[in-house]
Amino acid sequence: MSKKLHASIIVTYRCNARCNMCDVWKFPSKPAEEIGVDVIEKLPEMFFTNITGGEPFVRQDLPEIIAALRKKTKRIVISTNGFFTERIISLCKKYPDLGIRISIEGQQEANDAIRQIPDGYNRTIKTLMTLRDMGVKDIGFGTTVQDINCKDLIKLYEMADDLGYEFATATLHNSHYFCKTDNKIQNKKEVIAEFEKLIALLIKSRNVKKWFRAYFNYGLINYINGKPRLLPCEMGQDGFFVDPYGDVVPCNGMDVKMPMGNLNTQSWDEIWNSAQARAVREAVRGCGKNCWMIGSVAPAMRHHPVRPILWVLKKKLWM
């Protein structure tokens, strides 16, 4: 089992949400085109795998995908909008060690305005509470912070903290994956102020993991301000994505999709050790996007020491 290799498997581009920051739902994959167990079985051994979409739970065969993937990876986390409560509960009953991360884009008004799923907020909360009552331990939720929901950020964190859930943050960004080029924070000052409030709460905690999250949220401020990245990008080396069509790509953040190869027609070793993969890694090294921490705490951060993180936060934010 690789101690560093991690993957994100995009099992579908179909989605029941109509989020303002993601247009993937306008370009859904067809069920017959989407990767299946045969592709999952080609993957290498990994320490962590995220299942994402689209909305993963639109796939009726997701339990079969998970069963195959459990032979390849130490830990599986599924990212979902939480709408398909019954399917999520059924899967977690079968595999109680699964991680579930549900997107909540604010309190009810902001969440439903952003996601545009009828009764979406209530369905999401129902899913979270049901998982909690079941005793599922690896639960969390996260939000993509933007102008419309930034004022809800601290309330969401406090809700997660009270429940003992993981809380992840992201901010608006553009990429081929989201089929968006016009995502932009309008009031940077206001959004950054909310991130700074969150960092202050995280850094005061005695939980070391929250210190890492504070550092990542500082990175989001750095990203919003258009400043250079804080750490080198390791995608395409320690991490990779597989899209619904079987393409292996270094990440989901680049403006243009750059496949290393395709698992429908090639083996893992053929792809990972190919000249095309080397060319893609070189392109990643030259990538100018400051997106290494657009999402939550990345697996790569597990190798970085705590003291420099605290020093940066205290020096930069005067805490």
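What you see is a predicted model; the values in this text were computed from it and never measured.

A. Quick look at the packing of helix α6 (residues 153–163) against helix α7 (residues 188–203). Following both chains from N to C, one finds α6 and α7 inclined at 25 degrees, their axes separated by 9 Å at the closest point. For the element pair α6 / α7, the angle class is roughly parallel. Contact residues: α6 offers L153, I154 and Y157, while α7 offers E194, F195, K197, L198, L201 and L202. Here the residues of the contact of α6 with α7 are counted per class, giving seven nonpolar, no polar and two charged.

B. Representation of the confidence of the model for the chain. Averaged over all residues, the pLDDT of the chain equals 87, while 89% of them reach at least 70. Confidence, expressed as mean pLDDT per element, reaches its minimum in the chain at helix α11 (residues 306–317) with 51 and its maximum at strand β9 (residues 261–262) with 98. Contacts for the low-pLDDT stretch residues 292–307, under 50 throughout, to residues beyond four places or in other chains number 46 contacts.

C. Representation of unusual backbone geometry within the structure. With omega at 25 degrees, the peptide bond leading from G53 into G54 counts as cis. Residue placement: G54 occurs in the loop between β2 (48–52) and α2 (62–69). One non-glycine residue, C179, lies in the positive phi region at around 55 degrees. For C179, the position within the fold is in the loop between β6 (166–171) and α7. With relative accessibility at 32%, the residue C179 sits in the partly exposed group.

D. Region of the structure containing the pattern of salt bridges. Summed over all chains, the structure comprises 19 salt bridges. Here D97 makes a salt bridge to R70, at a shortest N to O gap of 2.8 Å. Placement of the pair is D97 in the loop between α3 (85–94) and β4 (99–103) and R70 in the loop between α2 and β3 (76–80), with a sequence separation of 27 residues. Linking E166 and K209 is a salt bridge whose minimum nitrogen-to-oxygen distance equals 3.1 Å. Of this pair, E166 sits in strand β6 while K209 sits in helix α8 (residues 208–224), and the two are 43 residues apart along the sequence.

E. Molecular detail of the nonpolar core. Membership of the largest hydrophobic core comes to 87 residues, with the highest contact counts inside it found for I78 and F240. Here this core takes seven residues from α7, the largest share from any one element. I78 has contacts with N50, I51, P56, F57, L62, I66, L91, L98, G99, I100 and R101, leaving out every residue within four places of it along the chain.

F. Here's a closer look at the sheet that holds strand β7 (residues 239–242). In space, the nine strands of this open sheet follow the order β6-β5-β4-β3-β2-β1-β7-β8-β9, with mixed pairing throughout. Strand pairing shows two members of the sheet lacking a second neighbour, β6 and β9, which therefore form its edges. Across four bridges, the pairing between β3 and β4 is parallel. Looking at the pairing, I78 lines up with I100 of β4.

G. Seen up close, the packing of α3 against helix α5 (residues 120–134). Contact geometry for α3 and α5: axes closest at 10 Å, N-to-C directions at 20 degrees. Between α3 and α5, the crossing angle belongs to the class labelled roughly parallel. Seen along the crossing, α3 lies across α5 with a hand that is right-handed. For the pair formed by α3 and α5, the contact residues are T85, E86, I88, I89, C92 and K93 on the first element and R123, K126, T127, T130, L131 and M134 on the second. Here the contact of α3 with α5 is built from residues that sort into five nonpolar, three polar and four charged.

H. Main features of the side chain of D243. Looking at where D243 falls in the secondary structure, it is placed in the loop between β7 and β8 (247–249). Reaching out from D243, the side chain makes a polar contact with the backbone nitrogen of Y245 at a distance of 2.9 Å. Setting aside residues up to four positions removed in sequence, D243 forms contacts with I10, Y13, I35 and K257.

I. Up close: the packing of aromatic side chains. The final tally for this structure, using the stated rule, is eleven aromatic pairs. Between F47 and F48, the aromatic rings sit 6.4 Å apart at their centres with planes inclined by 40 degrees, giving tilted as the arrangement. Using a relative accessible area of 14% as the deciding quantity, one classes F47 as buried. Relative to W272, the ring of W268 has its centre 4.8 Å away and its plane inclined at 20 degrees; by these criteria the two rings are stacked. Pair noted here: W268 and W272 are both in helix α9 (residues 268–272), with a separation of four residues, about one helical turn. A connected cluster of aromatic rings, assembled from ring pairs, spans Y13, Y177, F178 and Y245. Lying across the ring of F83, R123 places its NZ or CZ 4.0 Å from the centre. Sitting over the face of the ring of W272, R281 holds its NZ or CZ atom 4.6 Å from the ring centroid.

J. Inspection of α2 at higher detail. Among the residues of α2, L62, I65, I66, A68 and L69 are the ones counted as buried. Buried residues along α2 cover an arc of 165 degrees about the axis, so they all sit on one side. On its buried face, α2 is in contact with α1 (37–40), β2, β3 and α3.

Definitions and limits used
- Residues numbered from 1 in each chain as written.
- Predicted model: local features only at pLDDT ≥ 70, side-chain atom pairs only at ≥ 80, totals over all residues.
- Heavy atoms only, no water.
- Axes fitted to C-alpha atoms, helices over the stretch in contact; angles between N-to-C directions.
- Helix = DSSP H or I, 4+ residues; strand = E, 2+ residues; numbered from the N terminus.
- Parallel < 35°, antiparallel > 145°, perpendicular 65-115°, else oblique.
- Contact = heavy atoms within 4.5 Å.
- Nonpolar A, V, L, I, M, F, W, Y, C, P; charged D, E, K, R; others polar.
- pLDDT = per-residue confidence, 0-100.
- Buried < 20%, exposed > 50% of the residue type's maximum accessible area, 1.4 Å probe, protein only.
- Salt bridge = Lys/Arg side-chain N within 4 Å of Asp/Glu carboxyl O.
- Core = buried A, V, L, I, M, F, W, Y, C linked by side-chain atoms within 4.5 Å.
- Pairing = 2+ DSSP bridges.
- Left-handed = near helix turned anticlockwise from the far one by under 90°.
- Polar contact = N/O pair within 3.5 Å; in protein donor to acceptor, adjacent residues only side chain to side chain.
- Phe/Tyr/Trp six-rings, centres within 6.5 Å; stacked < 30°, edge-to-face > 60°.
- Lys NZ or Arg CZ within 6 Å of the ring centre and 35° of its normal.
- Arc of directions from axis to C-beta.

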